Amino acid sequence: MKLSVIGCGYLGATHAACMSSLGFQVVGIDTDQGKVDLLSSGNLPFYEPGLDSLLASEIKTGRLTFTTDFSAAADADVHFICVGTPQSKEGLAADLTFVKSAIAAIAPFLKDGALVVGKSTVPVGTAQALREILTISAPHADLAWNPEFLREGFAIEDTLRPNRLVVGVVNDRAENILKEVYQPIIDLGTPWIRADLPTAELVKVAANSYLATKISFINAMAEVCEAAGGDVTVLAKAIGYDPRIGSRFLQAGIGFGGGCLPKDIRAFMARAEELGADQALEFLREIDAINLRARQRVIDVVRADLSEDLSQYKIAILGATFKPDSDDVRDSPALDIAAQLQAAGATIVVHDPKGIEPARKRFPHLDYAERVTDCVKGADAILHLTEWKEYRELDPAVIGQLVRSKFLIDGRNALDREKWRAAGWRVHALGRTD
Ligand code: UDX
């Protein structure tokens, strides 16, 4: 069986390399020549632990190739659509331009019996509409939907050892083809869920909405803890022992960002409104608002502690990416806070182990430092906003000698407060009052 992967961004590049590692012949197709050249030479246009070596070794086997030429997909049996669905410029809805153009580009090359498999996150109803378009342009092909749940930083593991496989299909044939593709993963005992097209599409946005809700729930509790004199980290630990709640995704802090959760909950609300089910998802508006408020709370703490007018102050920002082990700065809470503090007059210097270049592209007016020691030099406050391991390993005594004032805000509740306090630091952690 031969596979094609259309769209070689985060999802597509990962999927292509992982499918190749299962022994399939895979061609990755992308319209961006630069990306194709980079991938063909075994290099990644983004950072993902372990993926660079997997990509390089799969290319060496000869099973994995990349091209901008859609005709290269002509002999493939299964075509995975992995293009992006960003938030549209006009509103909350998802922009489906790339999905539609990918289907249109591949349609002329689909052989009889080919299966097009959407993996991109799309508003419910998209798959059915695309299937209808395909029956006109490529009547001998079929379409299925197979959402992915991969997390940045764990992309290979989530692709090759996912906690479930969900396939939206209209007939047994499509399901059987997908079973053949995923057989090695099914053999690991991975639960297999067959659904109809709308349910498969909904599973993805429902999962991300639930995760976003869990994070905003604990951040709402953090607000209450701050008001009532409590400690949200102890609260999270205590409620997390209840297996019905579970302790994961209860890390209070500056909230969620990235290329998925924020845009997915917004697109979900927009789609529900179109369907006349807007009331059902009204709560997601609050989830979004709590999330953005967490960023504002950090700015409020800085202003309350230093001054309303920040023009005399230097603030060091530790972390630019939306989470550690990634170089992704899309909708990064850390950079949002950095930019807002700069707009309030502060001198900002940002450090990040992997994200400085992508951050510089999005926020060219911020200053960046390659080394933590340069970042914190002369700072009046340090804001820990992305919980990279190397920040946990910092020596507060050494850092204390470089700053102007030993004031730390832990926006991720991930540093050892006692260690920093013992070295003479004032520490403010979100949701903790002691
Ligand atoms: C998410 C989903 O987890 C994944 O299943 C889906 O396929 C894509 O979207 P990802 O965007 O890689 O994955 O990040 P995730 O690990 O979910 O974290 C999202 C954000 O939430 C990050 O900014 C992270 O810092 C934040 N977060 C996470 C918290 O603030 N608290 C937590 O307890 C967990």
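Rules and cut-offs
Residues numbered from 1 in each chain as written. Predicted model: local features only at pLDDT ≥ 70, side-chain atom pairs only at ≥ 80, totals over all residues. Heavy atoms only, no water. Helix = DSSP H or I, 4+ residues; strand = E, 2+ residues; numbered from the N terminus. Rg over C-alpha atoms; globule rule 2.2 N^0.38 Å. Buried < 20%, exposed > 50% of the residue type's maximum accessible area, 1.4 Å probe, protein only. Contact = heavy atoms within 4.5 Å. Areas by Shrake-Rupley, 256 points an atom, 1.4 Å probe, with all protein chains shown as cover. Lys, Arg positive; Asp, Glu negative; His and termini not counted. Charge placed at Lys NZ, Arg CZ, Asp CG, Glu CD. Domains from an automatic or database assignment. Buried area = accessible area lost by both parts, 1.4 Å probe. Salt bridge = Lys/Arg side-chain N within 4 Å of Asp/Glu carboxyl O. Near = heavy atom within 4 Å. Polar contact = N/O pair within 3.5 Å; in protein donor to acceptor, adjacent residues only side chain to side chain. Nonpolar A, V, L, I, M, F, W, Y, C, P; charged D, E, K, R; others polar. Expected span 1.5 Å × (residues − 1). Core = buried A, V, L, I, M, F, W, Y, C linked by side-chain atoms within 4.5 Å. Axes fitted to C-alpha atoms, helices over the stretch in contact; angles between N-to-C directions. Parallel < 35°, antiparallel > 145°, perpendicular 65-115°, else oblique. Left-handed = near helix turned anticlockwise from the far one by under 90°. Pairing = 2+ DSSP bridges.

### A look at the overall build of the protein
Then step 1. Check the secondary structure of the protein and you find 17 helices and 14 strands.
Then step 2. Here the C-alpha atoms of the protein give a radius of gyration of 23 Å, agreeing with the 22 Å that 2.2 N^0.38 yields for 434 residues.
Then step 3. By principal-axis analysis of the C-alpha atoms, the protein measures approximately 70 × 50 × 40 Å.
Then step 4. Relative to its 434 residues, the protein shows a buried fraction of 53%.
Then step 5. The contacts of the protein with a sequence gap of at least 6 include a subset with a gap of at least 24, amounting to 72%.
Then step 6. Looking at the protein as shown, the accessible area adds up to about 18400 Å², and 54% of this sits on carbon and sulfur atoms.
Then step 7. Averaging the coordinates of the 47 positive side-chain charges in the protein and doing the same for the 58 negative ones gives two points 3 Å apart.

### Some remarks on the domain arrangement of the protein
Accessible area lost when the parts come together is the quantity often used to give the size of an interface.
Then step 1. Assigned domains within the protein: domain 1 (2-195) and domain 2 (198-434).
Then step 2. Its C-alpha centre places domain 1 at a distance of 32 Å from the equivalent point of domain 2.
Then step 3. The interface is formed by 28 residues belonging to domain 1 together with 26 residues belonging to domain 2.
Then step 4. Taken together, the two surfaces of domain 1 and domain 2 that pack against each other cover about 2200 Å², and 62% of this comes from carbon and sulfur.
Then step 5. For the domain 1 face of the interface with domain 2, the top three residues by lost area are Tyr47, Val124 and Glu152, together amounting to 33%.
Then step 6. Viewed at the interface, domain 2 and domain 1 are joined by two salt bridges.

### A word on the site of the ligand
Then step 1. Not every one of the 20 residues close to the ligand is listed here, only the nearest: Phe149, Leu150, Glu152, Gln251 and Phe322.
Then step 2. Here an oxygen atom of the ligand and a side-chain polar atom of arginine 412 are 3.2 Å apart.
Then step 3. Taken by itself the ligand offers 670 Å² of open surface, and the protein chains cover 92% of this.
Then step 4. Residue composition of the shell around the ligand, by class: ten nonpolar, four polar and six charged.

### Quick word on helix H10 (residues 261-274)
Then step 1. Over its 14 residues, H10 extends 20 Å from the first C-alpha to the last, a length consistent with the 20 Å expected when each residue adds 1.5 Å.
Then step 2. Along H10, eleven of the 14 residues are buried, which leaves the element largely enclosed by surrounding structure.
Then step 3. Within H10, the full set of buried residues consists of Leu261, Pro262, Lys263, Asp264, Ile265, Arg266, Ala267, Phe268, Met269, Ala270 and Ala272.
Then step 4. On its buried face, H10 is in contact with helix H8 (197-228) and helix H11 (282-305).
Then step 5. A positive backbone phi angle near 80 degrees is found at glycine 276, which sits one or two residues after H10.

### Here's the deal with the nonpolar core
Then step 1. In this structure, Phe80, Leu178 and Tyr182 are the most contacted members of the largest nonpolar core, which totals 42 residues.
Then step 2. With near-sequence residues (within four places) excluded, leucine 178 lies in contact with Phe80, Leu115, Val117, Ala144, Val167, Val169 and Trp192.
Then step 3. Counting residues in each nonpolar core, the second largest holds 30 residues, with Val298, Ala334, Ala359 and Phe407 among its members.

### Section: the packing of H8 against H11
Then step 1. Orientation of H8 relative to H11, taken along the N-to-C sense of each, is 50 degrees, at an axis distance of 9 Å. With respect to H11, the element H8 is oriented oblique. For the element pair H8 and H11, the recorded crossing hand is left-handed. Only Phe283, Leu284, Ile287, Ile290, Asn291, Arg293, Ala294 and Arg297 of H11 make contact with H8, whose side of the interface consists of Ser209, Ala212, Thr213, Ser216, Asn219, Ala220, Ala222, Glu223 and Glu226.
Then step 2. Considered class by class, the residues forming the contact of H8 with H11 number eight nonpolar, five polar and four charged.

### A short note on the sheet that holds strand E12 (residues 381-384)
Then step 1. Taken together, six strands build an open sheet; the order of strands is E11-E10-E9-E12-E13-E14 and the sheet is parallel. Of all the strands in the sheet, just strand E11 (367-368) and strand E14 (426-429) have a single pairing partner and so form its edges.
Then step 2. Across two bridges, the pairing between strand E10 (residues 347-351) and E11 is parallel. Each bridged residue has a counterpart across the sheet, and for valine 350 the counterpart in E11 is tyrosine 368.
Then step 3. Contacts between helix H12 (residues 333-343) and the sheet are confined to strand E9 (314-318), E10, E11 and E12, with E10 contributing the most and set at about 160 degrees to the helix.

### A look at the environment of alanine 13
Then step 1. Take alanine 13: it is sitting in helix H1 (residues 10-21).
Then step 2. Residue class for alanine 13 comes out buried when judged on its relative accessible area of 0%.
Then step 3. Each C-alpha atom of the pair alanine 13 and aspartate 77 lies 19 Å from the other, and the pair is 64 residues apart in sequence.
Then step 4. Apart from the residues within four sequence positions on either side, alanine 13 is in contact with Gly7, Cys8, Leu39 and Phe46.

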